[in-house]
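# Topology and contacts: notes
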Amino acid sequence: MRFNMFRYLVKEGYRSLRKNLFMSAASILVLVCCLLITGCAYLVFENVNHGFEWAYQQNIVVAYSQKGSTSEQNTAIQTAIGGMDNVSEVIFESKEALLERYSAEFGELLDDLKEDNPLQDAFIVRLKDLSLFDATVTAIEAVEGVDSVDYNADLSAMLVKIRDVVLHIGAWIILLLLLVSLFIIANTIKLTVYTRRLEIHIMRSVGATAWFIRFPFMIEGALLGTTAGTLAYGLVFGVYQVVCHYFPKTAMFQLISFADVWFTLLIGFLAGGMVVGLLGSTISTGRYLKEQTE
Amino acid sequence: MIEFRGVHKRYDTGIEALKGVDIKIDAGEFVFIVGASGAGKSTFLKLITREEVANSGEVIVSNFKLSKLKKRQIPYLRRSMGIVFQDFRLIDTMTVYDNVAFAMRVVGASQKDIRKRIPYVLGLVGLQNKSKAYPMELSGGEQQRVGLARALVNNPSMIVADEPTGNIDPDMSYEIMELLTEINRRGTTVIIVTHERDLVKAFQRRVIEIRDGLVVSDTKDEEVASYEI
Ligand SMILES: Nc1ncnc2c1ncn2[C@@H]1O[C@H](COP(=O)(O)OP(=O)(O)OP(=O)(O)O)[C@@H](O)[C@H]1O
Ligand SMILES: [Mg+2]
């Protein structure tokens, strides 16, 4: 394609965007909202996932063997727990090792305890599926030689719940908003197509190819979409900075940094905006470009 | 150049606009299509330009068998013809020059070719001094000459015009017809649908009369009075 032809087509697309400023603004706005919500849902999702990793590191489930267990008994316990379907890993930590670790954290304070270690041998259990948490914990409690099980049921339940809510409700809202944006963009471009129907008719009658007629509208759609994508990206960045600022900073759990997701988000927003824009223009130009077939 | 073989056209409404048309128009001919309102004249032209498709029979235009023409080939068929409209179809926001240049731009002509070609074509239709004017500043006859220039600009082998003088007063109509005659003299096939008996009489060309979807006469007869126009 010759360069001046390309420039002409791009200029046409830009011109029609300027002409329908109000409708263009409306479609950009809706698409921005849609992308904004999508972006926020994505960030929540990423943080929940991050939270999962953190939760695993917190050793959500720890089983203790009865006081005075022999190493054979401990091995039996480890085998029994390790054989469960929902258990991905069992790590044995002897009471001596445990005390060692605590001493490192709390210093001389615990030195006295070395003579008569009050701790119990522990098994750090990692689960595969947190939604089967209760059943698995019950099963571990029932293992011969297990004294007690420590766990943070609330935390795991909350994580599972957040993840499900974000996934399910988020997906529906995003889908709905995408459809709404698509509808509005298609109508914006339909308006352009309508105001330019004379030009389109002339183009067809002098033998312009379908893609040539379509191209300016594609440009218009792509411009609408990528403008919305860029705006939404800026907004998500701003919103996330504010959230990070007010989110309680604890040593244990921190929000993921924007730097970890900036690229995925940027590409996602630009591509998402572009796809919606192009799809919208394809829908709205279709009817005017349809040739008789038989 | 153009051939209809047993062509039937029925619209979705059930109306049969053409009921078996056989006709041949050679390259370089000048033809008037006449007939009463609703006879099927516009349908005949739309089958040539492939705005409509025949239900049966075959239409052949510039070596394209239209029943076998693929969608993506339609633009190339249309580049072989210049279409002139009764209502001119000029773009009000563009100058005369740009209206004509538009037809070249959208088929991918280079700026250089456009700059060379437009003055020539505007000269051909006698509008060399009006290139900066807008359609609204022109008379009906002048507007139709712009339409003609636009139809000619891509150098088609035929001109197809559905009542090109329908919206123009008689003196101007005569001028447009003379222009079309001149274009035909240079080798372009010209096909014109018209209701104007006086023009048909004055120009003494081949006349094809369509009545109720059939060709009922095809002659150079000078006795035009018998035509149902
Ligand atoms: N798009 C269409 N859909 C349905 N019927 C149509 C369509 N176009 C034309 N017709 C019908 O087909 C018949 C022939 O129409 P056509 O336009 O070819 O006539 P015409 O000879 O050009 O008439 P006029 O001199 O009034 O322009 C008419 O009965 C008309 O109502
Ligand atoms: Mg007609």
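Since this is a predicted model, take the numbers as computed values, not measurements.

Rules used throughout
Residues numbered from 1 in each chain as written. Chains lettered and ligands numbered in written order. Predicted model: local features only at pLDDT ≥ 70, side-chain atom pairs only at ≥ 80, totals over all residues. Heavy atoms only, no water. Pairing = 2+ DSSP bridges. Helix = DSSP H or I, 4+ residues; strand = E, 2+ residues; numbered from the N terminus. Phe/Tyr/Trp six-rings, centres within 6.5 Å; stacked < 30°, edge-to-face > 60°. Buried < 20%, exposed > 50% of the residue type's maximum accessible area, 1.4 Å probe, protein only. Lys NZ or Arg CZ within 6 Å of the ring centre and 35° of its normal. Axes fitted to C-alpha atoms, helices over the stretch in contact; angles between N-to-C directions. Contact = heavy atoms within 4.5 Å. Domains from an automatic or database assignment. Right-handed = clockwise from strand over helix to strand, strands pointing away. Buried area = accessible area lost by both parts, 1.4 Å probe. Salt bridge = Lys/Arg side-chain N within 4 Å of Asp/Glu carboxyl O. Polar contact = N/O pair within 3.5 Å; in protein donor to acceptor, adjacent residues only side chain to side chain. pLDDT = per-residue confidence, 0-100. Parallel < 35°, antiparallel > 145°, perpendicular 65-115°, else oblique. Left-handed = near helix turned anticlockwise from the far one by under 90°. Core = buried A, V, L, I, M, F, W, Y, C linked by side-chain atoms within 4.5 Å.

### Quick word on the sheet that holds strand 1 (residues 2–10) of chain B
All names here are of chain B. If you trace the 4 strands from one edge of the open sheet to the other, you get 2-1-4-5, paired in antiparallel fashion. Strands at the two margins of the open sheet, each flanked by one partner only, are strand 2 (16–25) and strand 5 (64–65). Both strand 1 and strand 4 (residues 56–61) contribute to a ladder of 5 bridges, which runs antiparallel. Within strand 4, the position partnered with glutamate 3 by the bridge is isoleucine 60.

### Some thoughts on the packing of aromatic side chains
Here the distance between the centres and the angle between the planes together describe a pair of aromatic rings. Enumeration over the complete set of coordinates arrives at 11 aromatic pairs over all chains. Judged by centre distance (5.4 Å) and plane angle (70°), the ring pair of phenylalanine 30 of chain B and phenylalanine 32 of chain B falls under edge-to-face. Each member of the pair, phenylalanine 30 of chain B together with phenylalanine 32 of chain B, is buried. Members of the aromatic cluster, joined through ring pairs, are Tyr233, Phe237, Tyr240, Phe258 and Phe269 of chain A. Positioned above the aromatic ring of tyrosine 194 of chain A is the side chain of arginine 197 of chain A, whose terminal nitrogen or guanidinium carbon lies 3.9 Å from the ring centre. Positioned over the ring face of phenylalanine 85 of chain B is arginine 89 of chain B, at 4.8 Å from the centre of the ring.

### Side note on the sheet that holds strand 7 (residues 158–162) of chain B
Residues and elements named next belong to chain B. Read across the open sheet, the 6 strands follow the order 6-7-8-3-9-10; overall the sheet is mixed. Of all the strands in the sheet, just strand 6 (81–84) and strand 10 (214–219) have a single pairing partner and so form its edges. Put simply, the sheet's adjacent strands are angled 15° from each other on average, direction ignored. Here strand 3 (residues 30–34) runs beside strand 9 (residues 206–211); their pairing, made up of 4 bridges, is parallel. When the bridges of strand 9 are listed, valine 34 appears paired with glutamate 209. Together, strand 3, strand 7 and strand 8 (189–193) form the strand contacts of helix 6 (residues 170–185), whose direction differs from that of strand 8 by roughly 150°.

### Thoughts on the domain arrangement of chain A
Considered domain by domain, chain A is made up of domain 1 (3–54 + 158–293) and domain 2 (60–151). When each unit is reduced to the centre of its C-alpha atoms, the spacing between domain 1 of chain A and domain 2 of chain A is 51 Å.

### A closer look at the pairing of strand 8 of chain B
Residue and element names in this part refer to chain B. Along strand 8, 5 of the 5 residues are buried, which leaves the element largely enclosed by surrounding structure. Taking every second residue as pointing to the same face, both faces of strand 8 are buried, with Thr189, Ile191 and Val193 on one and Val190 and Ile192 on the other. The pairing of strand 3 with strand 8 spans 4 bridges and is parallel. Of the residues in strand 8, the one forming a bridge with isoleucine 33 is valine 193. Traced from strand 7 through helix 6 to strand 8, the parallel crossover comes out right-handed.

### With respect to the interface of chain B and chain A
Contacts between the two partners involve 28 residues from chain B and, on the opposite side, 20 residues from chain A. Where chain B abuts chain A, roughly 2200 Å² becomes buried across the two surfaces, and 60% of that area is made up of carbon and sulfur atoms. Looking only at chain B, the three residues that lose the most surface to chain A are Arg78, Phe102 and Val106 of chain B, adding up to 24% of its buried area. Where chain B meets chain A, there are 0 salt bridges. The tally of links between chain B and chain A comes to 3 residue pairs in polar contact (both at pLDDT 80 or more).

### Some points on the pattern of salt bridges
Tallying each qualifying case throughout the model produces 13 salt bridges over all chains. A salt bridge links glutamate 199 of chain A to arginine 196 of chain A, with the nearest nitrogen and oxygen atoms 3.1 Å apart. Given a relative accessible area of 7%, glutamate 199 of chain A falls into the buried group. A relative accessible area of 3% places arginine 196 of chain A in the buried class. Its salt-bridge partner being arginine 89 of chain B, residue aspartate 87 of chain B comes within 3.0 Å of it at the nearest N-O pair. Look at aspartate 87 of chain B and you get partly exposed, because its relative accessible area is 40%.

### So, the confidence of the model for chain A
Taken over all residues, the pLDDT of chain A has a mean of 81, while the share at 70 or more is 90%. Mean pLDDT across the secondary structure elements of chain A bottoms out at helix 1 (residues 3–19) of chain A, with 75, and peaks at helix 7 (residues 197–206) of chain A, with 92.

### Structural notes on the packing of helix 3 (residues 96–105) of chain B against helix 5 (residues 140–152) of chain B
All names here are of chain B. Between helix 3 and helix 5, the shortest axis-to-axis distance is 8 Å and the interhelical angle comes to 30°. Considering their axes alone, helix 3 and helix 5 lie roughly parallel with respect to each other. The handedness of the crossing between helix 3 and helix 5 is right-handed. In this structure, helix 3 contributes Val96, Asn99, Val100 and Ala103 to the contact, and helix 5 contributes Val146, Ala149 and Arg150.

### Topic: the nonpolar core
One finds Phe32 and Leu180 of chain B to be the most contacted residues of the largest nonpolar core, which totals 79 residues. A total of 11 residues in this core trace back to one element, the largest contributor, which is helix 8 (residues 210–246) of chain A. With residues up to four places along the chain from it excluded, the contact list for phenylalanine 32 of chain B reads Met177, Ile192, Thr194, Leu199, Val200, Phe203, Arg205, Arg206, Val207 and Ile208 of chain B.

### A closer look at unusual backbone geometry
Residues and elements named next belong to chain B. In this structure, asparagine 155 is a non-glycine residue whose phi angle is positive, near 55°. Summarising the element assignment, asparagine 155 is placed in the loop between helix 5 and strand 7. Residue asparagine 155 is classed as exposed on the basis of its relative accessible area, which comes to 60%. The phi dihedral of glutamine 204 falls on the positive side, at around 50°, and the residue is not glycine. If you trace the backbone, glutamine 204 turns up in the loop between helix 7 (197–203) and strand 9.

### Some thoughts on the side chain of glutamate 199 of chain A
By the secondary structure assignment, glutamate 199 of chain A is in helix 7. With residues near it in sequence (within four places) discarded, glutamate 199 of chain A still touches Glu12 and Arg15 of chain A together with Ile91 and Phe102 of chain B.

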